[in-house]
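# Results of the structural survey
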Amino acid sequence: MLIDIGVNLTHPSFDKDRDAVVAAAEKAGVCPLIVTGTNVEESRKARDYAVSLQGKCFATAGVHPHNANVCGADTIPWLRELSQFPEVVAIGECGLDYNRDYSPRPVQRKWFEKQILLACELNMPLFLHERDAFDDFTTILEQNCPKTVKKVAHCFTGGEKELFKYLEMDCYIGITGWICDERRGLHIQPLLKHIPADRLLLETDAPFLTPRSLPHARNRNMPANLVHIAETASAALGKDFAKLSIETFQNSCEFFGIDCK
Ligand SMILES: [Zn+2]
């Protein structure tokens, strides 16, 4: 079995067949799914869905940097309340995105810091997003987040320098179908061997980032496609698929504090 640590299952593209998507993932050997919360409302929906599917889904609670400009005085109290549910297993996704700049950078930084502090207060893991903001991102993390708080650099797309810095900071590394993208992601494959076996996590980021090496690469991405990502990683590492599955499954359970048998 595999655990997809990043599925945007509250996305409208899953409105018509969400249960079937989860069932197809389970049939393919991908269960449970960690549903990504991207703002307070979506985090609530993710929580509700996880509660309804006991054990097959868990949720994160957080505000994506794109949505930082709609944060207010209520945001952190709401996230704190959501985090009390056993189905909510991480704070995030949060971080910085200077690629799109949908929210002003100082506002992104402010709400990133506040969510780090919340994770520290609750001793919960952080689900982190960084794009084109590496220096500010690592500085803010180092200044606000002790090494003892677990964190994953989700959807890692950087190079060697970024990877080694994250590992030095004790980050887990989230690998997506980006590694199947012959235009912009193949540089990651040779880097995989530098990620310690107990630091690697796998994710689809569905419905986004459909692996381009799949025959239906234009379709929305699905959590069942995690198998293809794991196969690609296994081939790149020269590591047995079953061994990689067991390792990443255990890493996911440990990271999110999920009791997996
Ligand atoms: Zn992200």
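Overview of the structure. Quantities reported herein were computed from a predicted structural model and do not represent experimental measurements. (Residues numbered from 1 in each chain as written. Predicted model: local features only at pLDDT ≥ 70, side-chain atom pairs only at ≥ 80, totals over all residues.)

## Brief notes about the pairing of strand β2 (residues 30-35)
Note the threshold: Residues with at least 20 other C-beta atoms within 10 Å of their own are called buried, those with 12 or fewer are called exposed, and the rest are partly exposed. The C-beta atoms themselves are positioned from the backbone. Under the DSSP-based scheme used, a helix requires at least four consecutive residues in state H or I and a strand at least two consecutive residues in state E, with every element numbered from the N terminus. Looking down the strands as they point away from the viewer, one classifies a crossover as right-handed if the path from the first strand across the helix to the second runs clockwise. A pair of strands counts as paired when DSSP detects no fewer than two bridges linking them.
Buried residues dominate β2, accounting for six of its six residues. In terms of handedness, the path from strand β1 (residues 2-7) via helix α1 (residues 18-28) over to β2 forms a crossover that is right-handed. Of the pairings in the sheet, the one linking β2 to strand β3 (residues 57-61) comprises three bridges and is parallel in character. Paired with Val35 across the two strands is Ala59, which belongs to β3.

## Thoughts on the sheet that holds strand β4 (residues 88-97)
Using the following cut-off: A fitted line through C-alpha atoms represents every axis, and for helices the fit uses only the stretch in contact; the resulting angles, taken between N-to-C directions, go from 0 to 180 degrees. Note on contacts: each residue gets a C-beta atom placed from the backbone, and two residues are in contact if those atoms are within 7 Å.
Pairing in this open sheet of eight strands is parallel, and the strands run β1-β2-β3-β4-β5-β6-β7-β8 from one edge to the other. Edge positions in the open sheet fall to β1 and β8 (200-202), since each of these has one partner strand only. Each strand axis lies, on average, 30° off the axis of its neighbour in the sheet, ignoring direction. The pairing of β1 with β2 spans three bridges and is parallel. Note on β2: the bridge partner recorded for Asp4 is Leu33. Contacts from α1 reach β1, β2 and β3 within the one sheet, and its direction differs from that of β2 by about 135°.

## Quick look at the packing of helix α7 (residues 226-237) against helix α8 (residues 241-256)
Under the convention used in this document: Angle categories are assigned with fixed cut-offs, so that under 35 degrees is roughly parallel, over 145 is roughly antiparallel, 65 to 115 is roughly perpendicular, and the rest are oblique. In this scheme the handedness of a crossing depends on how the near helix is turned from the far one: anticlockwise by less than a right angle means left-handed, clockwise means right-handed.
Following both chains from N to C, one finds α7 and α8 inclined at 115°, their axes separated by 9 Å at the closest point. One way to sum up the angle between α7 and α8 is to call them roughly perpendicular. As for the relative orientation of α7 and α8, their crossing is right-handed in sense. Between α7, through Ala230, Glu231, Ala233, Ser234 and Leu237, and α8, the contact on the second element is made entirely by Phe241, Leu244 and Ser245.

## Observations regarding the nonpolar core
Defined as follows: A set of buried residues qualifies as a nonpolar core if it consists of Ala, Val, Leu, Ile, Met, Phe, Trp, Tyr and Cys joined through C-beta atoms within 7 Å.
With 73 residues, the main nonpolar core has Leu33, Ile34, Val35, Ile91, Val152, Ile173 and Leu202 as its most contacted residues. Among the elements that take part in this core, β4 stands out by supplying six residues, more than any other. Setting aside chain neighbours within four positions, we find Val35 in contact with Val7, Leu9, Thr10, Ala46, Tyr49, Ala50, Cys57, Phe58 and Ala59.

That is the geometry; function is a separate question.
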